[in-house]
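# Report on the structure
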Amino acid sequence: MRIALSTGGGDAPGLNAVIRAATFAALRRGWEVVGIRDGFNGILFPDHYPDGSGVFRLTAQNVRGIGHLGGTMLGSTNRGNPCHYPVVQPDGSVVYEDRTRHLVDLFREAGVDALVSIGGDGSLSIAQRLYEEGMRVVGVPKTIDNDLDRTLVTFGFATAVEIATESIDRLFTTAASHSRVFVVEVMGRNAGWIALYAGVASGAHVVLLPEIPFSYDAIARAIKRREDNGAHYTIVVVAEGAAPKDGHQEVIDRPHDHAERLGGIGHVVAEELTRLTGKEARTVVLGHLVRGGTPTATDRLLGSRFGAAAVRALEEGENGVMVALNEPDVEYVSLADAVGRLRTVPLDCDTLLAGRELGTSFGDD
Ligand code: F6P
């Protein structure tokens, strides 16, 4: 048995733990393991890897000691989806080609019996297409955004929440010392999980989520209430995908082969709050900081469990499935059911209710 591991989409803390665990679990069964560089680029474009490392053997030696490292030793990409591959024409227009069949053939030629595809919704959708074309596939859910529907949680999320919370904690002191408003923008795409968890954990005063269109007047009222109570500073956490009522999301750019990049709402909120309250409002965009560095123990453990479970799934004859956390177990769910279903924050979720009961404003009161 020869399996391939691929990591796709944005990197997330815990990827290396999955690679290490899947490799050890496979080697223990006497299987061979290869890693594909940069999503599927290593196998699709071997010429880009003149040293022949586009597809390379994973061994006990090269995965040893990587579990605590952020990023992915295989490299990753969130561009150039092989099932919808953008080819720029001489006149500048873009034509999209489906290279799924070609990719399956390349895996066959490389003697790969099964693929463990580690990624978010984009990568798992590619995995599902490969499965439909006859490839044996098991998916492993990854994203700091925690927006995949069929697993209780994805690895990477815990680390992102930890780093965001610690960063917000650090802003409290300056906010209080200078009587300022701080607006902290965090990643998460169209789901507000990181903003909600880090906001409530840190005790931020206002939390703005994509799931709850906000009003600037409501935030200004929350700031005023605090001022009246003698608290001359306010911490606002805003998810990059949040938008005002009757407004729109802020977008950095819309690359043709990448989901649109959200970002910029933090500055817009700070400007508007200064205008409405007269207070100095500063913005901190945490950006990729919450995605990098050492994974927390929670993410390392989940990554290790997912990596081992993916190999176990293959041994048990599973195909076209994704490993998923359903505490206390890791179970297998159908990839077809898992992809294309964004999991956003339910408005009645307990963490949101707790935040409201603690007096956090979600910009809608
Ligand atoms: O999906 C993970 C994520 O970090 C999102 O939170 C964010 O919107 C996006 O990726 C950023 O992507 P990139 O690194 O390509 O800018």
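In this text, all values refer to a predicted model and were calculated from it rather than measured experimentally. (Residues numbered from 1 in each chain as written. Predicted model: local features only at pLDDT ≥ 70, side-chain atom pairs only at ≥ 80, totals over all residues. Heavy atoms only, no water.)

### Here's the deal with the pairing of strand E15 (residues 329-334)
The side chains of a regular strand alternate, residue by residue, between the two faces of the sheet. So the rule is basically this: A pair of strands is considered paired only if DSSP assigns at least 2 bridges between the two. Working definition: helices are DSSP H or I runs of at least four residues, strands are E runs of at least two. Numbering for both runs from the N terminus.
Sheet topology note: the strand E14 (residues 321-326)/E15 ladder contains six bridges and is antiparallel. Within the sheet, the bridge partner assigned to alanine 324 lies in E15 and is glutamate 331. What sits between the antiparallel neighbours E14 and E15 is a turn of two residues.

### Examining the domain arrangement of the protein
Where we set the bar: Note: domain ranges come from an automatic or database domain assignment. Any pair of residues with heavy atoms lying within 4.5 Å of one another is described as a contacting pair. By buried area we mean the combined loss of accessible area, with a 1.4 Å probe, across both parts when two parts are placed together. For this document, the term salt bridge refers to a Lys or Arg side-chain nitrogen within 4 Å of an Asp or Glu carboxyl oxygen.
We note that the domain assignment places domain 1 (2-155 + 295-327) and domain 2 (158-292 + 346-357) within the protein. Each of domain 1 and domain 2 has a C-alpha centre, and the two are 33 Å apart. Contacts between the two partners involve 19 residues from domain 1, matched on the other side by 17 residues from domain 2. Of the roughly 1,500 Å² buried at the junction of domain 1 and domain 2 (both faces included), carbon and sulfur atoms supply 51%. Among the residues domain 1 hides against domain 2, the three largest losses belong to Arg79, Ile144 and Asp145. Together they make up 36% of the total. The closest approach of N and O atoms between aspartate 11 and arginine 291, which form a salt bridge, is 2.9 Å.

### A few points about helix H5 (residues 121-132)
Where we set the bar: A helix is expected to span 1.5 Å for every residue after the first. When a residue's accessible area, from a 1.4 Å probe over protein chains only, is under 20% of the maximum for its type it is buried; when over 50% it is exposed; and in between it is partly exposed.
Between its terminal C-alpha atoms H5 stretches 16 Å, which fits the 16 Å expected from 12 residues at 1.5 Å a residue. When we look at burial in H5, the residues that qualify are Ser123, Leu124, Ile126, Ala127, Gln128 and Leu130. Where H5 is buried, its residues touch helix H4 (100-109), strand E6 (114-119), strand E7 (137-141), E14 and helix H11 (335-338). Glycine 134 lies just past H5 and shows a positive phi near 105°.

### As for the environment of glycine 111
Within the secondary structure, glycine 111 sits in the loop between H4 and E6. Through-space distance from the C-alpha of glycine 111 to that of glycine 35 is 13 Å; in sequence the pair is 76 residues apart.

### A short note on the sheet that holds strand E8 (residues 181-186)
Where we set the bar: Note on definitions: angles span 0 to 180 degrees between N-to-C directions of axes, and those axes are lines fitted to C-alpha atoms, for helices only across the stretch in contact.
The strand order across the open sheet formed by four strands is E9-E10-E8-E13, and the pairing between neighbours is parallel. Single-partner strands in this sheet number two, and they are strand E9 (206-208) and strand E13 (281-285). Ignoring which end each strand starts from, the neighbouring axes of this sheet average 20° apart. Note that E9 and strand E10 (residues 234-239) share three bridges and pair parallel. Across the sheet, the residue bridging to valine 207 is valine 237, located in E10. On the sheet, helix H7 (residues 193-202) packs against E8, E9 and E10 and is oriented at approximately 170° with respect to E9.

### Notes on the layout of surface pockets
Selection rule: A cavity here means a set of 1 Å grid points, computed over protein atoms only, where a 1.4 Å probe fits but cannot escape. A pocket is an open set with protein on both sides within 12 Å along at least 5 of 7 lines, and lining residues have an atom within 4 Å of a point. Grid points are joined across faces, edges and corners, and a volume is the space filled by probe spheres set on the points. Nonpolar residues are Ala, Val, Leu, Ile, Met, Phe, Trp, Tyr, Cys and Pro. Charged residues are Asp, Glu, Lys and Arg, and all others, Gly as well, are polar.
The calculated volume of the second largest pocket comes to roughly 190 Å³. Along the walls of the second largest pocket sit 14 residues, with His205, Leu358, Gly359, Thr360 and Ser361 positioned nearest its centre. At three residues, the largest contribution of residues to the lining of the second largest pocket is made by helix H8 (residues 216-228). Of the residues that constitute the lining of the second largest pocket, the class distribution is five nonpolar, seven polar and two charged.

### So, the site of the ligand
The criterion, for reference: For this purpose, a residue is taken to be near a molecule or strand whenever a single non-hydrogen atom of the residue falls within 4 Å of it. In the analysis that follows, any N or O atom pair within 3.5 Å is treated as a polar contact, provided that within protein one partner can donate a hydrogen and the other can accept it, and provided that, for residues neighboring in sequence, both atoms belong to side chains. Per-residue and other accessible areas follow the Shrake-Rupley method at a 1.4 Å probe size, with only the shown protein chains counted as cover for residues.
Around the ligand, a shell composed of 11 residues is seen, among which Asp145, Glu240, Arg261, His288 and Arg291 lie nearest. Within the side chain of histidine 288, a nitrogen or oxygen atom sits 2.7 Å from an oxygen atom of the ligand. In the complex, 87% of the free accessible area of the ligand, which totals 400 Å², lies under the protein chains. Tallied by class, residues from the shell around the ligand come to two nonpolar, four polar and five charged. Counting contributing residues, the shell around the ligand receives three or more from each of domain 1 (2-155 + 295-327) and domain 2 (158-292 + 346-357).

### Structural notes on the nonpolar core
So the rule is basically this: To qualify as a nonpolar core, a set must consist of buried Ala, Val, Leu, Ile, Met, Phe, Trp, Tyr and Cys residues joined through side-chain atoms within 4.5 Å.
By size, the foremost hydrophobic cluster in this structure holds 34 residues, and its most contacted members are Val186, Leu196, Leu209, Ile235, Val237 and Leu352. Looking at this core element by element, the count peaks at eight residues for helix H6 (residues 157-178). Not counting residues up to four positions away in its chain, the partners in contact with leucine 352 are Leu196, Leu209, Ile212, Val345, Pro346, Leu347 and Phe362. Ranked by size, the runner-up nonpolar core spans 32 residues in total, among them Ile3, Leu58, Phe306 and Ala309.

### Describing unusual backbone geometry
Along the chain, glutamate 327 connects to proline 328 via a cis peptide bond; the corresponding omega equals 5°. For proline 328, the location among the structural elements is in the loop between E14 and E15. Here arginine 189, not a glycine, exhibits a phi torsion of approximately 55°, which is positive.

### Observations regarding helix H1 (residues 15-28)
Spanning 14 residues, H1 covers 20 Å between terminal C-alpha atoms, matching the ideal 20 Å at 1.5 Å per step. H1 sits mainly inside the fold: 10 of its 14 residues count as buried. On the buried face of H1, the contacting elements are strand E1 (2-7), strand E2 (32-36), helix H3 (60-63), E6, E7 and helix H10 (297-315). After H1 finishes, the residue glycine 30 shows a positive phi value of roughly 80°.

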